[in-house]
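Now for the letters of each chain:
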Amino acid sequence: MTNTTHFGYKTVAEEDKVREVAKVFHSVAAKYDIMNDVMSAGLHRIWKTFTIAHAAVRPGFKCLDIAGGTGDLAKVFAKQAGPTGEVWLTDINESMLRVGRDRLLNRGLLTPTLLCDAEKLPFPDNYFDRVSVAFGLRNMTHKDQALAEMRRVLKPGGKLLVLEFSKVAAPLQKPYDIYSFKVLPWMGQKIAGDAESYRYLAESIRMHPDQDTLKTMMEQAGLERVTYYNLTAGVAALHTGIKL
């Protein structure tokens, strides 16, 4: 019997979700940063800066940026870890990974990049000081398996950072829904020539676990001292956890 999952608001076979998510990011890769700036009014850069501060990467650290896309976190981590460090940029989508790799190279950063599935990380146990995933967890089919893999590759004392869209505060829910389902697809059509992909992105945010549910999932994956920080009234949230 075929296992099913959600793709936005649709119920699809698990293998179909992988293909459909890939289509979305192949479509938006070239305009990804422009659209992020437009649809978040630049706030995604502030959220990522907040995440980088909580990562507190030091020289010599080994870092893994999962679903790293255009390389915003990996770029800073590579500079902070320095020549004695090791920073990997990974993504399951080749189009996104190519954009990130090229941007790192254009900045003179020879950071290794790898096409891989977060649910089956090709790294040894207890290897990384920091693991991060920004706006990628909600697109993964088996989030629990991905979180367990992230914990596995962390060193004891290492930190996982999950930056993701989350559940917005109740007073903002109605205007946020109007923006997400009316304005966002319209902007996607005008800027990226693709309304449907941005409609999926809006739906995927609503299907993602809320702040407390994700906290529980991280604890169930074996992480300790799990906490979260609401950003912009819960439009996004940063979850952190430690492997002890």
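These figures come from a predicted structure and were not determined experimentally. (Residues numbered from 1 in each chain as written. Predicted model: local features only at pLDDT ≥ 70, side-chain atom pairs only at ≥ 80, totals over all residues. Heavy atoms only, no water.)

**What to know about the UniProt feature "binding site: S-adenosyl-L-methionine" (unreviewed entry) in the protein**
Mapped onto this numbering, the UniProt entry gives "binding site: S-adenosyl-L-methionine" (unreviewed entry) at Thr70, Asp91, Asp117 and Ala118. Put simply, the named residues that line the largest pocket are Thr70, Asp91, Asp117 and Ala118. In this structure the side chain of aspartate 91 is engaged in a polar contact, spanning 2.9 Å, whose partner is the backbone nitrogen of glycine 69. For aspartate 117, a relative accessible area of 26% gives the class partly exposed. A distance of 2.9 Å separates a polar side-chain atom of aspartate 117 from the backbone nitrogen of glutamate 119. (UniProt positions renumbered as here; feature names shortened; annotations may be inferred. 1 Å grid on protein atoms, 1.4 Å probe; cavity = no way out; pocket = protein on both sides within 12 Å on 5 of 7 lines; lining within 4 Å. Polar contact = N/O pair within 3.5 Å; in protein donor to acceptor, adjacent residues only side chain to side chain. Buried < 20%, exposed > 50% of the residue type's maximum accessible area, 1.4 Å probe, protein only.)

**Considerations on the sheet that holds strand β6 (residues 128-134)**
Strand order in this open sheet of seven strands is β5-β4-β3-β6-β7-β9-β8, and the pairing throughout is mixed. Of all the strands in the sheet, the pair left with one neighbour each is β5 (113-115) and β8 (224-231). Adjacent strand axes in the sheet meet at a mean angle of 15°, parallel and antiparallel pairs treated alike. The sheet contact formed by strand β4 (residues 86-91) and β5 spans three bridges and is parallel. By the bridge assignment for β5, aspartate 91 is matched with leucine 115. Relative to strand β7 (residues 154-165), helix α6 (residues 143-153) is tilted by about 145°, and along the sheet it contacts β3 (62-66), β6 and β7. (Pairing = 2+ DSSP bridges. Helix = DSSP H or I, 4+ residues; strand = E, 2+ residues; numbered from the N terminus. Axes fitted to C-alpha atoms, helices over the stretch in contact; angles between N-to-C directions. Contact = heavy atoms within 4.5 Å.)

**Details of the environment of asparagine 126**
Summarising the element assignment, asparagine 126 is placed in the loop between β5 and β6. Separated by 30 residues in sequence, asparagine 126 and proline 156 have C-alpha atoms that sit 6.7 Å apart. The contacts of asparagine 126, once residues within four sequence positions are left out, are Arg152, Val153, Leu154, Lys155, Pro156 and Lys243. A distance of 2.6 Å separates polar atoms of two side chains, one belonging to asparagine 126 and the other to lysine 243.

**Structural notes on the side chain of aspartate 194**
Here aspartate 194 shows up in the loop between α7 (173-192) and α8 (195-207). Although aspartate 194 is buried, it forms no salt bridge, and the closest oppositely charged side chain is arginine 199 at an N-O distance of 7.5 Å. Of note is the side chain of aspartate 194, whose polar atom sits 3.3 Å from the backbone nitrogen of glutamate 196. (Lys, Arg positive; Asp, Glu negative; His and termini not counted. Salt bridge = Lys/Arg side-chain N within 4 Å of Asp/Glu carboxyl O.)

**So, the nonpolar core**
Within the largest apolar cluster, 42 residues are counted, with the highest numbers of intra-cluster contacts made by Trp47, Phe77 and Phe135. If you look at the next biggest cluster of nonpolar residues, it comprises 24 residues, including Ala118, Leu137, Met150 and Leu214. (Core = buried A, V, L, I, M, F, W, Y, C linked by side-chain atoms within 4.5 Å.)

**So, the layout of surface pockets**
Of the volumes computed, that of the largest pocket is approximately 600 Å³. Contributing to the lining of the largest pocket are 34 residues, with Ala67, Asp91, Ile92, Gly136 and Asn139 lying nearest its centre. Listing elements by their share of the lining of the largest pocket, those giving two or more residues are α1 (14-28), β3, α4 (72-81) and β4. The element that contributes the greatest number of residues to the lining of the largest pocket is α1, accounting for seven residues. Each residue belonging to the lining of the largest pocket can be placed in one class, and the counts come to 15 nonpolar, 10 polar and nine charged. Looking at the second largest pocket, its volume works out to about 390 Å³. (Points joined across faces, edges and corners; volume = space filled by probe spheres on them. Nonpolar A, V, L, I, M, F, W, Y, C, P; charged D, E, K, R; others polar.)

**What about the pairing of β4?**
In terms of strand pairing, β3 meets β4 through four bridges, oriented parallel. Following the sheet pairing, lysine 62 is matched in β4 by glutamate 86. Taken together, β3, α4 and β4 form a β-α-β motif whose crossover is right-handed. Crossover handedness for the path β4 to helix α5 (residues 94-106) to β5: right-handed. (Right-handed = clockwise from strand over helix to strand, strands pointing away.)

**A few points about the side chain of glutamate 119**
In this structure, glutamate 119 sits in the loop between β5 and β6. Aside from chain neighbours lying at most four places away, what touches glutamate 119 is Met140, Thr141, His142, Gln145, Ala146 and Glu149.

**Concerning the packing of helix α3 (residues 43-55) against α4**
At a minimum axis distance of 10 Å, the contact between α3 and α4 shows a crossing angle of 35°. In this structure, α3 meets α4 at a crossing whose hand is right-handed. Taking contact as the criterion, the partners of His44, Lys48, Thr51, Ile52 and Ala55 in α3 are, on α4, Asp72, Leu73, Val76, Phe77 and Gln80. Looking at the contact of α3 with α4 residue by residue, the class counts come to five nonpolar, three polar and two charged. (Left-handed = near helix turned anticlockwise from the far one by under 90°.)

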